[in-house]
Each structure stands twice: as structure tokens, then as C-alpha cells.
Amino acid sequence: MAKSDDLLELRGTVTEVLPNSTFRVKVENIDHEILCYIGGKLKQHKIKVILGDPVTIEVSVYDLKKGRITYRH
């Protein structure tokens, strides 16, 4: 389990829906796309994420290309 110090919390928009509950998210303020999967509580409560949804993601400082969707706005 990563420490909370090792995570960046960013906001973005879902730009592409991929198989196996993965998504491409375009981060606000940066022209960067991150490959993300759905976090535990979203999956547990069966919250759907669709194309164009604004989301909050957590990204590790060690790998800025992958992240976890933690909240759908």
C-alpha cells in the first residue's frame, strides 16, 4: 500500500472507454492523458463512468502514466 505522500490527486475528463474497466483520462491544466482504472468504492457500489465524465484521479509519483479513478463528479 502506498503512503498518501506518494500520491497526486488530479482532476480530468474521460476521453476514451477501454475494456476491463479502464479509461483514458485527459488531465486538466496539462495536455497529458493517463490510463486509469476504477477504484474500490466506485467498483463496490457499481457506479458507472462514461465518456465525458469529469473525474478525480490518484496518480503515483513513481509512475505518472497510470492512475486510479476515485470520484466521479
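Rules behind the numbers
Residues numbered from 1 in each chain as written. Predicted model: local features only at pLDDT ≥ 70, side-chain atom pairs only at ≥ 80, totals over all residues. Heavy atoms only, no water. Helix = DSSP H or I, 4+ residues; strand = E, 2+ residues; numbered from the N terminus. Rg over C-alpha atoms; globule rule 2.2 N^0.38 Å. Buried < 20%, exposed > 50% of the residue type's maximum accessible area, 1.4 Å probe, protein only. Contact = heavy atoms within 4.5 Å. Core = buried A, V, L, I, M, F, W, Y, C linked by side-chain atoms within 4.5 Å. Salt bridge = Lys/Arg side-chain N within 4 Å of Asp/Glu carboxyl O.

Caption draft 1: Examining the overall build of the protein chain more closely. The helix and strand inventory of the protein chain stands at one helix and five strands. Ordering the α and β elements of the protein chain from the N terminus gives β-β-β-α-β-β. A compact globule built from 73 residues should have a C-alpha radius of gyration of about 11 Å, and the protein chain, at 11 Å, falls within 12% of that. Along the three orthogonal principal directions, the C-alpha set of the protein chain runs to about 30 × 30 × 20 Å. Within the span of the protein chain, comprising 73 residues, buried residues form 27% of the whole. Of the contacts formed within the protein chain by residues at least 6 apart in sequence, a portion of 50% connects residues at least 24 apart.

Caption draft 2: Fine view of the environment of Arg-24. Inspection of the secondary structure puts Arg-24 in strand β2 (residues 22-27). Here the alpha-carbon distance between Arg-24 and Leu-35, two residues eleven residues apart in the chain, equals 4.7 Å. If near-sequence neighbours (up to four positions away) are discounted, Arg-24 is found in contact with Thr-13, Val-14, Thr-15, Glu-16, Leu-18, Glu-33, Ile-34 and Leu-35.

Caption draft 3: How the structure looks around the nonpolar core. Phe-23, Val-25, Val-55, Ile-57 and Ile-69 are the most contacted members of the largest nonpolar core, which totals 13 residues. When contributions to this core are tallied by element, the ones reaching two or more residues are β2, β3 (33-38) and β4 (54-60). Residues within four places of Val-55 in sequence aside, it is in contact with Leu-10, Arg-11, Gly-12, Val-14, Val-25, Val-49, Ile-69, Tyr-71, Arg-72 and His-73.

Caption draft 4: Layout of the pattern of salt bridges. Per the stated rule, a full pass over the model turns up four salt bridges. A salt bridge links Asp-31 to Lys-26, with the nearest nitrogen and oxygen atoms 3.2 Å apart. Note that Glu-58 is salt-bridged to Arg-68, the shortest N-O span being 2.9 Å. Taken together, the residues span a long stretch of sequence, with Glu-58 in strand β4 and Arg-68 in strand β5 (residues 66-72) at a distance of ten residues. Classification of Arg-68 by relative accessible area gives partly exposed; the value is 26%.

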